[in-house]
Amino acid sequence: MAIYYKGIFFLTASALLGEGIEFLVNMILARELGTHGLGLYMSILPSIFFIVLLSSFELPVSISKFIAEKEERYHRNILYHAITITIIFTSCLFLLATVILPFIPVFNAYHPYVRWVVMILIPVISFTSVARGYFMGMQHMGKIAISNFLRKIIQLAGLFFLFRFFTFNGEQSLLIALCTLIGSEIIVFVYLVYMFIIQFQQLKRHPFSNMNRKVVRKNLMAVSIPTTGMRLFSAFTSAIQPFIIKGALVHSGMAERIATEQFGMLMGVAMSIGFFPAFIAHSLMVVLIPAVSKAHSQKDYPSLQKMLQQVMKLTIVYGVIAVTFFYFFAPELTSLFFKSETSAVFLQMLWPFFLFHFFIMPMQAFLIGLNMIKDAFFHITWSIIISYALILLLGSRPEWRMNGVIIGMNTGAVLLALMHYITISRKIGLRFFMRAYIQNTTE
């Protein structure tokens, strides 16, 4: 448990700095790209994250889970097979992307170089994922924390330097913004792979045991494939979300340019501010996956109950404080980006969305650690179906528009959090209000 708390501290501290930097990054983007440019930037990000997700193949999750469950003498063999899988998978994905990417229409509204720059992410993310998964499984959260901080500070430095000393037109500015994002991932790749090589050399000096190759691959694939499927579904729905929201707004009678600007204020301003405290939820998620996996493999249900109780209490404390602050100081916060009352209203209306997402992230870690990925996928599917149905139904009505969109988003978040919590509680022996009713549970 001491390692667990230490990991949370390291990740939370670095994430706090990182989120502060991210806030500055979004301020620079808002001022340099303008409302329309920011809307385009936020519209392409889900597609880029979709490619990132494919490239990672959720190896950080599967490797960290497997490493946490197995003795150290098996780690070298596990990593050897993980690297082999990564090389094969990355080669196939890169060749596939070379063929398909030129025909994806999403990139047509952007600089011609964007689609090719994005391809660099495929090998970078793939091999970074192996290192990240190993360090997560070993609870070396200091290295993860440094890598997360590096990503943010490099992006900020790149944006500040380029926009400070050079002048670009709108299309070029958007390309520069995306290039700094990808460049920061390359720096993280260099750092993590270097640290991984050092650690791997140390592993070679220790006694080791081999595991059957099929067993290792089966265990890695048993987590990577369903988790990737779940993440792909979420990423795909996130990638089409801009088109659903803007389509609903246009159908309501709003001009397409205004719809793009409102989407930019929603995602680039309100979301940037509202998700600022999510660094705590993300830190909990990273630490919880190996911790829950290890406790579950040992059938230590009292520890699982204690972890969930602590996570829920911590989340409700910082979550309520955060959304209350955002609600009452929304105009002052959003004015840092644009002088617009609209984005302040968006931020105030989205408080349920933010609050329940602070719970959702660590609870997804519980579901992964408890081998309940199918349940998580089922929950996400239903929440998105209901959320998008409400967005299309209410957002396309002239009297609702963006208010209807936000109602749909809030509903999806509340529903997802409740489904996650009820499922986890039943699995580990907790009543709805976090009181244990099973001290020792068997499979």
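Before any of the text, the structure's been laid out above.
Structure report, in brief. (Residues numbered from 1 in each chain as written. Predicted model: local features only at pLDDT ≥ 70, side-chain atom pairs only at ≥ 80, totals over all residues. Heavy atoms only, no water.)

Some thoughts on the environment of Phe10
Let me state the cut-off plainly: Only DSSP runs of H or I with at least four residues qualify as helices, and only runs of E with at least two residues qualify as strands; both kinds are numbered from the N terminus onward.
Positionally, Phe10 belongs in helix H1 (residues 2–56). When the C-alpha atoms of Phe10 and Ser283 are compared, they prove to be 8.6 Å apart, with 273 residues separating the residues in sequence.

Things to note about the packing of helix H11 (residues 301–328) against helix H16 (residues 402–428)
What counts is decided by this rule: Axis lines are fitted through C-alpha atoms, for helices just across the contact stretch, and the angle between N-to-C directions can take any value from 0 to 180 degrees. Note that the term roughly parallel is reserved for angles under 35 degrees, roughly antiparallel for angles over 145, roughly perpendicular for angles of 65 to 115, and oblique for everything else. Left-handed describes a crossing whose near helix is turned anticlockwise from the far helix through less than a right angle; right-handed describes the clockwise counterpart. Any pair of residues with heavy atoms lying within 4.5 Å of one another is described as a contacting pair.
Packing of H11 against H16 leaves a shortest axis separation of 10 Å and a crossing angle of 150°. By the angle class used here, H11 and H16 are roughly antiparallel. Pair H11 / H16 crosses with left-handed handedness. Together, Tyr301, Leu304, Gln305, Leu308 and Met312 of H11 and Tyr421, Ile424, Ser425, Lys427 and Ile428 of H16 make up the contact between the two elements.

What to know about the layout of surface pockets
Put simply, the rule is: The distinction between a cavity and a pocket rests on a 1 Å grid over the protein atoms alone: a 1.4 Å probe fits inside a cavity but cannot get out, while a pocket stays open yet meets protein on both sides within 12 Å along at least five of seven lines, and a residue with an atom within 4 Å of a point counts as lining. Grid points are joined across faces, edges and corners, and a volume is the space filled by probe spheres set on the points. Residue polarity follows a fixed list, in which Ala, Val, Leu, Ile, Met, Phe, Trp, Tyr, Cys and Pro are nonpolar, Asp, Glu, Lys and Arg are charged, and the others, Gly among them, are polar.
Size it by volume and the second largest pocket reaches roughly 370 Å³. In terms of lining residues, the second largest pocket is bounded by 17 residues, among which Phe50, Ile51, Leu54, Leu101 and Ile104 are the most central. Listing elements by their share of the lining of the second largest pocket, those giving two or more residues are H1, helix H3 (75–100) and helix H8 (213–251). Residue classes in the lining of the second largest pocket are distributed as 16 nonpolar, 1 polar and no charged.

Some details on the nonpolar core
Threshold: Each nonpolar core is a collection of buried residues, namely Ala, Val, Leu, Ile, Met, Phe, Trp, Tyr and Cys, held together in the definition by side-chain atoms within 4.5 Å. Relative accessibility thresholds used throughout: buried, under 20% of the residue-type maximum; exposed, over 50%; partly exposed, between the two (1.4 Å probe, protein chains only).
Formed by 145 residues in total, the largest nonpolar core has its most connected members in Tyr41, Leu266, Leu350 and Phe366. Among the elements that line this core, the one with the most residues is H1, at 18 residues. Look past the residues within four positions of Phe366 in its chain and what remains in contact with it is Leu288, Val292, Leu304, Met307, Leu308, Val311 and Ile424.

Concerning unusual backbone geometry
The phi torsion of most residues other than glycine is negative, and most of the peptide bonds are trans. Of note, Lys299 is a non-glycine position whose phi angle comes to about 55°, a positive value. Positionally, Lys299 belongs in the loop between helix H10 (278–297) and H11. One non-glycine residue with positive phi stands out, namely Arg401, at about 50°. As for its position among the elements, Arg401 is in the loop between helix H15 (373–395) and H16.

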